[in-house]
Amino acid sequence: MIDSISSELYWLILTIAMTCLLWIPQIIHSVLKVGVTKAFLYPDEATKHYAEWAKRSKAAHKNAVENLIIFAPLIILVVFLGAENELTAITASVYFFARSVHYLMHTLAVPLMRTLMFLIGFACQIIIVLTILNQM
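Predicted, not measured: the structure shown is a model, and the values here were computed from it.

Asker: Break down the overall build of the protein chain for me, citing the residues and quoting the values.
Answerer: Looking only at helices and strands, one finds seven helices and zero strands in the protein chain. In sequence order, the protein chain lays out its α and β elements as α-α-α-α-α-α-α. Across its three principal directions, the C-alpha atoms of the protein chain cover 50 × 40 × 20 Å. Taken over 136 residues, the protein chain has a buried fraction of 38%.

Asker: So what about the nonpolar core? Which residues, and what values?
Answerer: One finds Leu 12, Phe 71, Ile 75 and Ile 128 to be the most contacted residues of the largest nonpolar core, which totals 21 residues. Of all the secondary structure elements, the ones that give two or more residues to this core are α1 (7-21), α5 (52-80), α6 (86-107) and α7 (111-135). Sort the elements by how many residues they give to this core and α5 lands first, with eight residues. Among residues more than four places away in sequence, those in contact with Phe 71 are Leu 12, Thr 15, Ala 92, Tyr 95, Gln 125 and Ile 128.

Asker: Explain the packing of aromatic side chains residue by residue, including any values.
Answerer: For the structure on display, the rule yields five aromatic pairs. Aromatic side chains Phe 96 and Phe 97 sit 5.1 Å apart centroid to centroid with 80° between the ring planes, which places their arrangement in the edge-to-face category. Overall, Phe 96 belongs to the buried group, its relative accessible area being 13%. Residue classification places Phe 97 among the partly exposed residues on the basis of a relative accessible area of 47%. Cluster of aromatic residues (ring-pair linked, three or more members): Tyr 10, Trp 11, Phe 96 and Phe 97.

The rules behind the values
- Residues numbered from 1 in each chain as written.
- Predicted model: local features only at pLDDT ≥ 70, side-chain atom pairs only at ≥ 80, totals over all residues.
- Heavy atoms only, no water.
- Helix = DSSP H or I, 4+ residues; strand = E, 2+ residues; numbered from the N terminus.
- Buried < 20%, exposed > 50% of the residue type's maximum accessible area, 1.4 Å probe, protein only.
- Core = buried A, V, L, I, M, F, W, Y, C linked by side-chain atoms within 4.5 Å.
- Contact = heavy atoms within 4.5 Å.
- Phe/Tyr/Trp six-rings, centres within 6.5 Å; stacked < 30°, edge-to-face > 60°.

What follows is the structure, given as structure tokens:
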């Protein structure tokens, strides 16, 4: 049993929790726009009525999920291999904040900042990959 979790796992848990919640604004918008029945029973039809920000929110959430599929196993490998260090702890926290800001910038249609946050998140993934490869 784990008595305490590493910083990397802590930030992974927060990233997962955040990603789990990112769909809420666009669903609330959908319910308010087309009603509960259409929003939940016919979501594809409901998306046709989304405001532009809600479409961007949905796309940002999808992007967060796609990147979590890469980030989560990397963090799990770092911990499993015992490769945690100050750099991986900082990298995991930076990844969380970069993805948070990415979601906001994507939803608010701020393209340069959105791209910069995406690239920072990508750089975090590369740093973790390099850390894992240095353990081998």
